[in-house]
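Survey of secondary and tertiary structure
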Amino acid sequence: MSSKKGLELKPNPRTGRYRLISGNWKMNLNHLEAIQLVQKLYFGLRDVDYSFSEISIHPPLTSLRPIQLLIESDRMRFSLGAQNCYFEASGAYTGEVSASMLSKLNVKYVIVGHSERRRIFGETDVVVAQKVKAVLSEQMTPILCVGESAEEREAGQTDEVLMRQVRLALAELSGETVSTLVIAYEPIWAIGTGLVATPEDAASGAQLIREELGRLYGGSVADRVRVQYGGSVTPTTAHDLLEAEGVDGLLVGGASLDAEAFSRIIRA
Ligand code: 13P
């Protein structure tokens, strides 16, 4: 990412970690609408808005190439992200896209294991782990999504679910590799429901994830992993969620489809 003098991205002075705010558009907007939205977002942001957080945009596959060209030709300070990929490198997998195809488009971040993929498309922890590896093998960064459902939360199983999802998704990776990852804590009960987790919920999810990372890879690895919060984030709730202990950024769904709302979240 190019940057103007004095306005380079700064790490959070409290944690030393770089914040990341990501817009997951899910299955919304055709490529013409996508271009318009990115242009509108770009024109609405000031130079200083890029110094606080890195911003990644995750459009549907059909918009990756047009948005890549737009970002590169206008030197926009957005990182390109994808929402998913398959773990095999190539072959007879109708409808799928490989990590290497994404990396050729200069995709930097790939969301892996989103709860919608797990729930609607039956992705298991084992598949999620294979996808994490595929993304890493192409020098991209996975944004690994973990989170408990409402039932699991009510049954007091949040800790267990988060620990299991983290452990299985990262199985066989070295601590050095794990330290480069982004993990998004996305409680399923807060996704698309308007039920936003409190900053305390977000902090507690981030803490559980870091504790498990610490047990598996040691404290210095756990300290370097960036943890986002996702689930019904709005311009009104973004500031307090970003200030929550251990939270290094946001993974925004619905509100990232509105340039005005997403830029207010970025400024939060
Ligand atoms: P919403 O912000 O629409 O709740 O979606 C969150 C999400 O799933 C981001 O990946």
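Residues numbered from 1 in each chain as written. Predicted model: local features only at pLDDT ≥ 70, side-chain atom pairs only at ≥ 80, totals over all residues. Heavy atoms only, no water.

Near the ligand you find 13 residues, and of these Lys26, His114, Gly192, Ser232 and Gly254 are the closest. Here an oxygen atom of the ligand and a side-chain polar atom of Asn24 are 3.0 Å apart. In the environment of the ligand, an oxygen atom lies 2.8 Å from a nitrogen or oxygen atom belonging to the side chain of Lys26. Across the complex, the protein chains shield 94% of the 310 Å² of accessible surface that the ligand would expose by itself. (Near = heavy atom within 4 Å. Polar contact = N/O pair within 3.5 Å; in protein donor to acceptor, adjacent residues only side chain to side chain. Areas by Shrake-Rupley, 256 points an atom, 1.4 Å probe, with all protein chains shown as cover.)

The parallel closed barrel is built from 8 strands, whose spatial order is 1-2-3-4-5-6-7-8. When strand polarity is set aside, the average angle formed by the axes of neighbouring strands in this sheet is 25°. Across the sheet, helix 12 (residues 259-267) is in contact with strand 1 (19-24), strand 2 (53-58) and strand 8 (249-252); its angle to strand 1 comes to roughly 165°. (Pairing = 2+ DSSP bridges. Helix = DSSP H or I, 4+ residues; strand = E, 2+ residues; numbered from the N terminus. Axes fitted to C-alpha atoms, helices over the stretch in contact; angles between N-to-C directions. Contact = heavy atoms within 4.5 Å.)

For the pair helix 5 (residues 125-137) and helix 7 (residues 158-169), interaxial distance at closest approach is 8 Å and the crossing angle is 45°. Considering the angle they form, helix 5 stands oblique to helix 7. Considering only the axes of helix 5 and helix 7, their crossing is right-handed. Each of Asp125, Val128, Ala129 and Val132 in helix 5 lies in contact with helix 7, whose residues at this interface are Arg164, Gln165, Leu168 and Ala169. Of the residues in the contact of helix 5 with helix 7, the class split is 5 nonpolar, 1 polar and 2 charged. (Parallel < 35°, antiparallel > 145°, perpendicular 65-115°, else oblique. Left-handed = near helix turned anticlockwise from the far one by under 90°. Nonpolar A, V, L, I, M, F, W, Y, C, P; charged D, E, K, R; others polar.)

Moving on: the pattern of salt bridges. Enumeration over the complete set of coordinates arrives at 16 salt bridges. For the salt bridge of Lys26 with Glu116, the shortest nitrogen-to-oxygen distance reads 2.8 Å. Remark: Glu116 occurs in helix 4 (residues 115-120) and Lys26 occurs in the loop between strand 1 and helix 1 (31-44); sequence separation between them is 90 residues. Close ionic contact of Glu176 with Arg224 constitutes a salt bridge, the shortest N to O distance being 3.7 Å. In this pair, Glu176 is assigned in helix 8 (residues 175-178) and Arg224 in helix 10 (residues 219-224), connecting sequence segments 48 residues apart. Judged by relative accessible area, Glu176 falls into the exposed class, the value being 54%. Note on Arg224: relative accessible area 39%, which makes it partly exposed. (Salt bridge = Lys/Arg side-chain N within 4 Å of Asp/Glu carboxyl O. Buried < 20%, exposed > 50% of the residue type's maximum accessible area, 1.4 Å probe, protein only.)

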